[in-house]
Amino acid sequence: MFNISGGEFIVLLLLAVLIFGPDQLPKMAQQAGRLLRQLRMMANSASADIKEGLGPEFKDFDVQDLNPKRFVQKHFWEDGEDEVERRPAARLNGKRPPFDDEAT
């Protein structure tokens, strides 16, 4: 959950108790849950509105494709990955180089 470790979560919980007090903390948690629920509903309705506005030509459109990282992965790596021939890494003096050939 948000890349928070157990110790960090406990520190955040103690800070919340100190800032809001033990009597206000349940109310604050309830309000935060309500806010997250409303944000999720707004995002889902915006996604549905976009799909509806695009029409039937884009019925397989995914809003996640608008993310630039996802766009590049979908259009450049997913389709051509089968066509790329995998070669073993080059050897220097019989040893593998200190880098990954797929990362360069």
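Residues numbered from 1 in each chain as written. Predicted model: local features only at pLDDT ≥ 70, side-chain atom pairs only at ≥ 80, totals over all residues. Heavy atoms only, no water.

**Some words on the overall build of the chain**
(1) Moving on: If you tally the helices and strands in the chain, you get three helices and zero strands.
(2) Moving on: Moving toward the C terminus, one meets the helices and strands of the chain in the order α-α-α.
(3) Moving on: Within the span of the chain, comprising 104 residues, buried residues form 8% of the whole.
(4) Moving on: Of the roughly 9800 Å² of accessible surface on the chain, a fraction of 60% belongs to carbon and sulfur atoms. (Helix = DSSP H or I, 4+ residues; strand = E, 2+ residues; numbered from the N terminus. Buried < 20%, exposed > 50% of the residue type's maximum accessible area, 1.4 Å probe, protein only. Areas by Shrake-Rupley, 256 points an atom, 1.4 Å probe, with all protein chains shown as cover.)

**Describing a nonpolar patch on the surface**
(1) Moving on: A cluster of nonpolar residues, Ile4, Phe9, Val11, Leu12, Leu13, Leu15, Val17, Leu18, Ile19 and Phe20, forms a patch on the protein surface that exposes about 920 Å² of accessible area.
(2) Moving on: Checked against the element boundaries, Leu18 lands in helix H1 (residues 6-20). (Patch = residues over 30% accessible without salt bridge, like charges linked within 9 Å, V, L, I, M, F, W, Y side chains within 5 Å. Salt bridge = Lys/Arg side-chain N within 4 Å of Asp/Glu carboxyl O.)

**Some words on the environment of Val17**
(1) Moving on: Mapped onto the elements of the fold, Val17 is located in helix H1.
(2) Moving on: Residue Val17 is classed as partly exposed on the basis of its relative accessible area, which comes to 31%.
(3) Moving on: Beyond its immediate chain neighbours, meaning those up to four positions away, Val17 contacts Pro22 and Leu25. (Contact = heavy atoms within 4.5 Å.)

**Examining the confidence of the model for the chain**
(1) Moving on: The predicted model of the chain averages 78 in pLDDT, with 74% of residues at 70 or higher.
(2) Moving on: Helix H3 (residues 68-78) is the least confidently modelled element of the chain, averaging 77 in pLDDT, while helix H2 (residues 25-54) averages 90, the highest of any element.
(3) Moving on: Considering only residues more than four positions removed or in separate chains, one finds that residues 80-84, a stretch of pLDDT under 50, has one contact. (pLDDT = per-residue confidence, 0-100.)

**As for H2**
(1) Moving on: Taking 1.5 Å per residue as the helical rise, H2 with its 30 residues ought to reach 44 Å, and the 44 Å between its terminal C-alpha atoms agrees with that figure.
(2) Moving on: Two residues or fewer past H2, Gly55 is found with a positive phi of approximately 95°. (Expected span 1.5 Å × (residues − 1).)

**Quick look at the environment of Asp62**
(1) Moving on: In this structure, Asp62 sits in the loop between H2 and H3.
(2) Moving on: Take Asp62: its relative accessible area is 27%, and that puts it in the partly exposed class.
(3) Moving on: Residues Asp62 and Ser47, spaced 15 residues apart in sequence, show a C-alpha to C-alpha distance of 8.7 Å.

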